[in-house]
Structures are given as structure tokens and as C-alpha cells.
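Tertiary structure, described
Spelled out, the chains give:
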Amino acid sequence: MSINIVRKELFKKVTYLAREIEEGMNYGVPHLVGEIEAGELPQVELSVVVFNGSYHRFLLKDEDERKLYFMLPVDSSNPRRVFMEIWTFLNGKTDGSVLIPGTKIRGILKSELSRRGFETIWMNVYEEGGIGYVEVLAVKENARYRMTFEKTGNEFTLLEIEKI
């Protein structure tokens, strides 16, 4: 897949949607929902969805890794800033304190969350279909978060994080 084509198309789409993002800020939290399909000429689809007070992030690849699906909340309508947020998110580059779906944590979950600046308020561990899950309510910088982790051995994988 040509990275340059994807970058160029993604920036064009973000620029085109800047006004819609700005309008969405009047009603809630605008999120960019996208799909990138690999090929000789990669396809990039992007749209804006607005949630009322919720923040959702995810990044999924289909089984043969030809398509990438993502959703990311944005807090600016500046096309350059939004593009950089998306590109950074798609490449999995964040500072150590940021948690995004797919983040893996080893060791004691509560201690690791604390190291990343989260104060854990509540945790619930349950099993479904032979797979262990941990639900967490935590606070960071006066914002509350609900997180769901999948537990595999001594490792936790963040499946979902939502600002509440």
C-alpha cells in the first residue's frame, strides 16, 4: 500500500470535513469514522459522527489485513491538527500515559494504570466463553473513564476506553 497516497487522501478528506467537525462541536463530541483499504490504489473513506458526551476510540484490521477500520474523537476542526491526530493514532504512536484500544499492559493492572496517571475507583473481573475480562472505572485529571480489558495470562489488552 502506498503510504503517500493514503496520507494525501486522508488529508483531503479531513480538510473537506473540517466544517462538519466544527458544527459537530456545537452538539457533542465529533468523531472521525474511517476505512482504509489496501490495493494498487488505496481507498480512503472518512465521515463524521457526533456523540453526546461520549468518547470512543478503536482501531481494527480485518483478517487478511487489507482493510483498516477506525474511530477517533477530535477536539479541533483544524485540518492539519486533526490529520496529525489521526496519523499518530493509526501508527500507534502515543506517549506512555495514553491508553488506546490495543494497548497491552503486563503485570498488575491497577499498579500500571496508576503509573499512567489513572486512579482506579472500581474493578470487576468476569469470564465469558473461557476468556477473562476486566472492567475498570478510573479517574485521570478530573475526567472519568470506563475501560474493558481482555486478560490473557499475565497480560491485559485494552479493548475499549470511554470517557464518561
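Above this text you will find the structure in question.
Residues numbered from 1 in each chain as written. Predicted model: local features only at pLDDT ≥ 70, side-chain atom pairs only at ≥ 80, totals over all residues. Heavy atoms only, no water.

**Focus on unusual backbone geometry**
Backbone geometry places E141, a non-glycine residue, at a positive phi of 50°. Relative to the helices and strands, E141 is located in the loop between β8 (131-140) and β9 (143-152). Look at N142: it is not a glycine, yet its phi comes out positive at around 65°. In this fold, N142 is placed in the loop between β8 and β9. (Helix = DSSP H or I, 4+ residues; strand = E, 2+ residues; numbered from the N terminus.)

**Section: the pairing of strand β1 (residues 29-37)**
As judged from the nine bridges shared by β1 and strand β2 (residues 43-51), these two strands associate in the antiparallel manner. What sits directly across from E37, in β2, is Q43. Between β1 and β2, which pair antiparallel one after the other, the connecting turn spans five residues. In this sheet, strand β5 (residues 67-73) lies alongside β1 in antiparallel orientation, the contact comprising seven bridges. In the sheet register, E35 faces β5, and the bridge partner there is Y69. (Pairing = 2+ DSSP bridges.)

**Considering helix α2 (residues 79-90)**
For α2, with twelve residues, the first-to-last C-alpha span of 16 Å sits near the 16 Å given by 1.5 Å per residue. For α2, every residue scored as buried is listed here: V82, F83, I86, W87, F89 and L90. The buried residues of α2 occupy an angular sector of 160° when the element is viewed end-on, so they sit on one face. Here the buried face of α2 lies against α1 (3-24), β1, β4 (58-61) and β5. Its side-chain oxygen placed 2.9 Å from the backbone nitrogen of R80, N78 serves as the N-cap of α2. (Expected span 1.5 Å × (residues − 1). Buried < 20%, exposed > 50% of the residue type's maximum accessible area, 1.4 Å probe, protein only. Arc of directions from axis to C-beta. Contact = heavy atoms within 4.5 Å. Polar contact = N/O pair within 3.5 Å; in protein donor to acceptor, adjacent residues only side chain to side chain.)

**Observations regarding the sheet that holds β2**
A sheet is described by the order of its strands in space; here four strands give the open sequence β2-β1-β5-β4, paired in antiparallel fashion. Strands at the two margins of the open sheet, each flanked by one partner only, are β2 and β4. Strand-to-strand twist of the sheet, defined as the mean angle between neighbouring strand axes without regard to direction, takes the value 10°. Where α1 meets the sheet, it contacts β1, β2 and β5, and its direction lies at approximately 20° from that of β2. (Axes fitted to C-alpha atoms, helices over the stretch in contact; angles between N-to-C directions.)

**What about the pattern of salt bridges?**
Note that side chains of opposite charge can pair when their charged atoms are close. In this structure the tally under the stated criterion is ten salt bridges. With its nearest N and O atoms 3.5 Å apart, the salt bridge here joins K67 to E35. Of this pair, K67 sits in strand β5 while E35 sits in strand β1, placing them 32 residues apart in sequence. On the accessibility criterion, K67 (24% relative accessible area) is partly exposed. One salt bridge connects R116 with E112, and the closest N-O pair in it is separated by 3.2 Å. Among the residues examined, R116 registers a relative accessible area of 13% and is labelled buried. What you see here is one network of salt bridges that share partners, running through R19, E22 and E23. (Salt bridge = Lys/Arg side-chain N within 4 Å of Asp/Glu carboxyl O.)

**Considering the nonpolar core**
In terms of nonpolar packing, the biggest core is built from 21 residues, with L10, L32, F70, I86 and L90 touching the most fellow members. Those elements giving two or more residues to this core turn out to be α1, β1, β2, β5 and α2. Filtering out sequence-adjacent residues up to four positions away, F70 remains in contact with L10, L32, V33, G34, E35, I36, L46, F58, L59, I86, F89 and L90. One finds A143, Y145, F149 and L158 within the second-largest nonpolar core, a separate group that totals 15 residues. (Core = buried A, V, L, I, M, F, W, Y, C linked by side-chain atoms within 4.5 Å.)

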